Amino acid sequence: MPVINALSRRTFLRGMGLSGAMIRIGVPALEAMFSPNGTAYAASGKVATSEIETRFLLWFNGNGIPERYWIPRETGPDFEFTPCLNPLAPFRKDIHIITGLDSPAARLPGPGNSHYPSMSALVSGKVYTGRGAGGPSIDQLIAQKLGQESRFRSLQVGVCQESFGESIQRNLSWADRDRPLPPEMIPQRLFDRLFGSNEEHWIDRQKSILDAVEDDALSLKSKLGSQDKARFDEYLTSVRDLERSIASLPPEYKQVVERPPDGGDLKDWPRIAKLQSDLLVHALASHQTRVASYMLTKCQGLSRFPWLGHTAQRHHEYTHGEVETPKGMRILRDICRWHVEEFAYLVGRLKATPEGEGTLLDHTCALYVHEHAEANHHKNNGLACIVAGHAGKLVTGVHSKMTGTVGDLYLTIADDLLGAGIKQFPTADRKLTGITGA
């Protein structure tokens, strides 16, 4: 017997643009989409046999870290947050800090400076080819298993609009050997990809994308209960707020820059980063994708940081030379703390998004990585990362120093937390213990 007013988890609002192109907006999790036992409706009146889907996010910052300001001294649940990690203090129970991992493929013979093989090894577990990563990146291996039923098998999101250097520096996701999947770094373009078509009045934000789906939205709202109506209205308001925020960006923000200017970046990276995070959360919440990568800064990045007061040098330059001095170390500390602030913002948005009996963060695994450990020495052992979320009963609230490889971690996350069943990954010899609970 059909369930009255049951909504498919894959519900979209649909409309037509002026050119006749289809406009569709994903709908977030509403109570009407879930049965009393917490499973999602696959179609109207039909209960899905699976639980709420898990999501995976690979988050990246370029260069490396100042270990003394980043890695906690204590392991276990009673660790103290370091200056770099302090923005994550409100989310202690939602994160697992992992240090001590090795990236052995980064030390194999191959072309390029040390950043190139480190980046290839980090994402693919294989040697840098001289053109790009040696194989598919971990997010794409997971997307091959989890992304088939989503509108987008995966999304690639970026922030710092630097296009200098080699392909290995500019790309985090790789479909296969030497096949990059470039991140979308322009909020206007990412918005149009997720919500609408490339028509002038949408691009210029002269009208709202919601105008095209107004009839569908009113029809859907008439079928909802009071709590779902309120949540639905909040969601549509958030879409409109995103439109207004993007419309307020200066016109030059629509263009990719080759190199940041000598006087400091013209781009307000924190502003862009939060818009990109908001758009990504919308995509994850509305079932448009289950897998994404987020490239905050580039490998061997050359950003300056005017919002932090650090413009004398670029990011990569700050990781060398003066970093040996107390002042230089403090500057790198400030930069890495900003990186963590942006990750904390995303974690907070995931946690604030209701889904079923919990939140979007409860069904997400977000993994934060760098291409190096200690930035100055280009270390490829003792790598530090952060795993956030509660997908697959991730053990949280602890700092663990582990013996193993990045590949071991990827395999554990993919198969034990996400249920992707990739079964193997280059440089992975075993599963790591202490990652998932009973």
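Anything mentioned here points back to the structure above.
Residues numbered from 1 in each chain as written. Predicted model: local features only at pLDDT ≥ 70, side-chain atom pairs only at ≥ 80, totals over all residues. Heavy atoms only, no water.

K.L.:
Even after reading the chapter, I still don't get the packing of aromatic side chains, so can you show me in this structure?
P.N.:
The way to describe two aromatic rings as a pair is by their centre distance and the angle between their planes. Counted according to the given criterion, the structure contains 12 aromatic pairs. Centroid distance Trp59 to Tyr294: 4.1 Å. Interplanar angle 5 degrees. Geometry classified as stacked. Placement of Trp59 in strand E5 (residues 55–61) and of Tyr294 in strand E10 (residues 291–295) is noted, with a sequence separation of 235 residues between them. Owing to a relative accessible area of 0%, Trp59 belongs among the buried residues under this scheme. On the basis of relative accessibility, which here comes to 0%, the residue Tyr294 falls in the buried class. (Phe/Tyr/Trp six-rings, centres within 6.5 Å; stacked < 30°, edge-to-face > 60°. Helix = DSSP H or I, 4+ residues; strand = E, 2+ residues; numbered from the N terminus. Buried < 20%, exposed > 50% of the residue type's maximum accessible area, 1.4 Å probe, protein only.)

K.L.:
Can you walk me through the sheet that holds strand E6 (residues 95–102) in this structure?
P.N.:
With respect to topology, 7 strands assemble into an open sheet ordered E7-E10-E5-E13-E14-E6-E15, the strand pairing being mixed. Each edge of the sheet is formed by a strand with only one pairing partner; in this case those strands are strand E7 (155–158) and strand E15 (398–405). Across this sheet, the average inter-strand angle for adjacent strands is 20 degrees, counted without regard to direction. Strands E5, E7 and E10 of the sheet are contacted by helix H3 (residues 138–146), whose axis makes an angle of about 160 degrees with E10. (Pairing = 2+ DSSP bridges. Axes fitted to C-alpha atoms, helices over the stretch in contact; angles between N-to-C directions. Contact = heavy atoms within 4.5 Å.)

K.L.:
Would you mind showing me how to read the side chain of His282 here?
P.N.:
In this fold, His282 is placed in helix H9 (residues 269–285). Given the relative accessible area of 4%, His282 is considered buried. Of the polar contacts made by the side chain of His282, one reaches the side chain of Ser238; its length is 3.4 Å. Excluding its chain neighbours within four sequence positions, the residues that come into contact with His282 are Phe195, Tyr235, Ser238, Val239, Leu242 and Arg349. (Polar contact = N/O pair within 3.5 Å; in protein donor to acceptor, adjacent residues only side chain to side chain.)

K.L.:
How should helix H2 (residues 115–124) be read in this particular structure?
P.N.:
Since the α-helix packs 3.6 residues into each turn, any two residues three or four apart lie on the same face. Burial analysis of H2 places 10 of its 10 residues in the buried class, which makes it a mostly covered element. Buried residues of H2: His115, Tyr116, Pro117, Ser118, Met119, Ser120, Ala121, Leu122, Val123 and Ser124, and no others. Once H2 finishes, Gly125 follows within two positions and takes phi at roughly 70 degrees, a positive value.

K.L.:
Would you take a moment to explain helix H12 (residues 406–417) for this structure?
P.N.:
With 12 residues, H12 extends 15 Å between its outermost C-alpha atoms, agreeing within 8% with the 16 Å of an ideal straight helix rising 1.5 Å per residue. H12 sits mainly inside the fold: 11 of its 12 residues count as buried. Burial in H12 covers these residues: Val406, Gly407, Asp408, Leu409, Tyr410, Leu411, Thr412, Ile413, Ala414, Asp415 and Leu417. At the N-terminal boundary of H12, the capping side chain belongs to Thr405, with an oxygen 3.3 Å from the backbone nitrogen of Gly407. Positive phi shows up at Gly419, right after H12, with a value of about 65 degrees. (Expected span 1.5 Å × (residues − 1).)

K.L.:
Honestly, the pattern of salt bridges in this entry has me stumped. Any pointers?
P.N.:
Opposite charge on two side chains permits them to pair, given that their charged atoms come into close proximity. Considering all chains together, one arrives at 13 salt bridges under this definition. Between Lys351 and Asp94 there is a salt bridge whose closest N-O contact spans 2.8 Å. Here Lys351 is found in helix H11 (residues 326–351), whereas its partner Asp94 is found in the loop between helix H1 (67–70) and E6, with 257 residues between them in sequence. Through salt bridges with shared partners, a single ionic network connects Glu53, Arg55 and Glu355. (Salt bridge = Lys/Arg side-chain N within 4 Å of Asp/Glu carboxyl O.)

K.L.:
Any chance you could explain unusual backbone geometry here in plain terms?
P.N.:
It is generally the case that most residues other than glycine have a negative phi and that most peptide bonds are trans. Unlike most non-glycine residues, Asn63 shows phi in positive territory, near 70 degrees. On the secondary structure map, Asn63 appears in the loop between E5 and H1. You will see that Lys393, though not glycine, has its phi angle at about 60 degrees, which is positive. Inspection of the secondary structure assignment puts Lys393 in the loop between strand E14 (383–389) and E15.

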